[in-house]
Amino acid sequence: MRTEFLPFSRPSITEEDISAVGDVLRSGWITTGPNVTGFERAFCEYVGCKNAVALSSATAGMHLALEALDIGPGDEVITPSMTWVSTINLIVLAGATPVFADVDKDTLMISPDWVEESISPKTRLIVPVHFAGAAADMAYLRRIAARIEVPLVEDAAHALGTRYSGAHVGKEGTSIFSFHPIKNITTGEGGMFCSDNEDLIEHINRLKFHGLGVDAYDRQTQGRSPQAEVLEPGYKYNMTDMAAVLGLRQLGRVDEFIRKRAALAIRYRELLSEIDEILPLSVPPDTTRHAWHLFIVRLDTDRARLSRDDFMAELKKRDIGTGLHFRAVHLQKYYRESMDMRRGMLPNTEWNSDRICSLPLFPDMTFEDVDDVVEAVKDVLRK
Ligand SMILES: *Cc1c(COP(=O)(O)O)cnc(C)c1O
């Protein structure tokens, strides 16, 4: 048994990362500036996308996407309930209606058949989630979106490094990445909005900084007038240079991070295959590279005669941290009550919502840590 707590995630930060941030702090320019520009360029190069806008979070990116696409009252957005609450909250805050599609039981990817069935004359947007580091069925979703002439915004928060049919997620279309500390790379907090739609990018650039269409750095370096005019009311969602320099450095190591995550995941899958009560997710065939953002398992609660919440608590007693990605959004208090959501509406989402648990997975973890987790799981299930 362990003597030291193993968190379910921990960012990999080197002394060089810390001194790079220190250099920015000492430079006299700490907000949006050359490091943001450099990070956006490097990100485009890595992902293969045409344009990238660095933001204060992925949530900010989703907010701006809804705003730029003019999603509001009377509009419906099709998205999974098996997702992080931020997307659903923003849809509701925009005055629009989330329409939940169920997911595949074993990959947690949005089911294109459910998307088809959820289409109505009010459908204005589809937001799939690339879950856990694998990729959603984009070929099918793109066909649907093209047919009904509705945009797709891909939630790629888990998908930095993920390849779908050989191409990086986000290379085409519109996608949003996250750099929250548990994600595959971090900037503390941060996000990236990528799109091959030039008009949309221009709009996002304007909305992210007061609707001026120019940020503080542009004004300083390009000699634009400090009296730049508001073209439309905007927000304050720009990324700082302190964050961007960290992102740049982390991006340089992302392939190394993913190699390490993949090796740990292989060991997990091997060791867990002997435990009947533990069911890992399966990998969709079109995911040509899994980024292993999360290692999610489902507890067979009947066989184990243990609830998932008790399972997590027992692991914690054994110094093993876990995460829950995610509790179905439609069953959370506000959505249950305000939208009249009930159990039974989304069977695969609900089945997983009661059984999923994310085991520790991060690049600085060791194989011995994986062995400790598996031993602790076995110990919990023996009791
Ligand atoms: C983390 C996450 C987000 C939000 O990212 P932030 O950068 O924290 O705003 C959105 N969607 C999913 C699926 C996530 O996991």
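Residues numbered from 1 in each chain as written. Predicted model: local features only at pLDDT ≥ 70, side-chain atom pairs only at ≥ 80, totals over all residues. Heavy atoms only, no water.

Engineer: I keep staring at helix 10 (residues 254–272) and nothing clicks. Help me out?
Structural biologist: Side chains three or four residues apart in an α-helix point the same way, a direct result of the helix having 3.6 residues per turn. Across its 19 residues, helix 10 extends 26 Å between first and last C-alpha, which sits within 8% of the 27 Å expected from 1.5 Å per residue. Considered for burial, the residues of helix 10 that qualify are V254, F257, I258, R261, A262, L264, A265, Y268 and L272. (Helix = DSSP H or I, 4+ residues; strand = E, 2+ residues; numbered from the N terminus. Expected span 1.5 Å × (residues − 1). Buried < 20%, exposed > 50% of the residue type's maximum accessible area, 1.4 Å probe, protein only.)

Engineer: I keep staring at the pairing of strand 9 (residues 191–195) and nothing clicks. Help me out?
Structural biologist: Strand residues, when the strand is regular, have side chains that alternate between the two faces of the sheet. Taken across its five residues, strand 9 has five buried, putting it largely inside the fold. Side chains of strand 9 alternate between two faces, with G191, F193 and S195 and M192 and C194 buried alike. Here strand 8 (residues 174–178) runs beside strand 9; their pairing, made up of five bridges, is antiparallel. By the bridge assignment for strand 9, F177 is matched with M192. (Pairing = 2+ DSSP bridges.)

Engineer: Could you clarify how one ought to interpret the site of the ligand in this entry?
Structural biologist: Surveying the vicinity of the ligand reveals 14 residues, the closest of which are T59, D155, H158, S178 and K183. Within the side chain of S178, an N or O atom sits 2.7 Å from an oxygen atom of the ligand. At 3.2 Å from an oxygen atom of the ligand is found a side-chain nitrogen or oxygen belonging to K183. Starting from 380 Å² of accessible surface for the ligand in isolation, the protein chains cover 91%. In the shell around the ligand, the residues fall into five nonpolar, seven polar and two charged. (Near = heavy atom within 4 Å. Polar contact = N/O pair within 3.5 Å; in protein donor to acceptor, adjacent residues only side chain to side chain. Areas by Shrake-Rupley, 256 points an atom, 1.4 Å probe, with all protein chains shown as cover. Nonpolar A, V, L, I, M, F, W, Y, C, P; charged D, E, K, R; others polar.)

Engineer: Help me out: how do you make sense of the state of the cysteines in this one?
Structural biologist: In protein structure, a disulfide is the covalent linkage between the sulfur atoms of two cysteines. For the structure on display, the rule yields zero disulfides. The cysteine C49 is free of any disulfide, with C194 supplying the nearest cysteine sulfur at 3.7 Å. Overall, C49 belongs to the buried group, its relative accessible area being 7%. (Disulfide = S-S within 2.5 Å.)

Engineer: Any chance you could explain the UniProt feature "modified residue: N6-(pyridoxal phosphate)lysine" (unreviewed entry) in the protein chain here in plain terms?
Structural biologist: What UniProt calls "modified residue: N6-(pyridoxal phosphate)lysine" (unreviewed entry) maps, in this numbering, to K183. Tracing the sequence through the fold places K183 in the loop between strand 8 and strand 9. Excluding its chain neighbours within four sequence positions, the residues that come into contact with K183 are A157, H158, S178, R261 and H293. Reaching out from K183, the side chain makes a polar contact with the side chain of S178 at a distance of 3.5 Å. (UniProt positions renumbered as here; feature names shortened; annotations may be inferred. Contact = heavy atoms within 4.5 Å.)

Engineer: What exactly am I supposed to notice about the sheet that holds strand 8 here?
Structural biologist: Picture the strands of a sheet paired through backbone hydrogen bonds; they go either parallel or antiparallel. Read from one edge of the open sheet, four strands run 1-9-8-5, paired in mixed fashion. Sheet topology places strand 1 (51–55) and strand 5 (154–155) at the edges, where each strand pairs with a single neighbour. Along the sheet face, helix 3 (residues 58–68) touches strand 1, strand 8 and strand 9 and points at about 155° away from the line of strand 8. (Axes fitted to C-alpha atoms, helices over the stretch in contact; angles between N-to-C directions.)

Engineer: Mind showing me how you'd approach the nonpolar core here?
Structural biologist: Considering soluble globular proteins, one finds that nonpolar side chains tend to be buried as a cluster. If you look at the biggest cluster of nonpolar residues, it comprises 55 residues, and the most contacted ones within it are F39, F43, F131, F177 and M192. Elements represented by at least two residues in this core include exactly helix 2 (34–47), strand 1, strand 3 (97–101), helix 6 (138–148), strand 9, helix 9 (241–251) and helix 10. Per-element accounting of this core gives the leading share, five residues, to helix 2. When we break this core down by domain, the ones giving at least three residues each are domain 1 (15–251) and domain 2 (254–382). Excluding residues within four positions of it along the chain, F131 makes contact with M82, T107, L108, M109, H158, I296, H325 and F326. Among the nonpolar cores identified, the runner-up in size contains 30 residues, and M312, L315, L359 and V380 belong to it. (Core = buried A, V, L, I, M, F, W, Y, C linked by side-chain atoms within 4.5 Å. Domains from an automatic or database assignment.)

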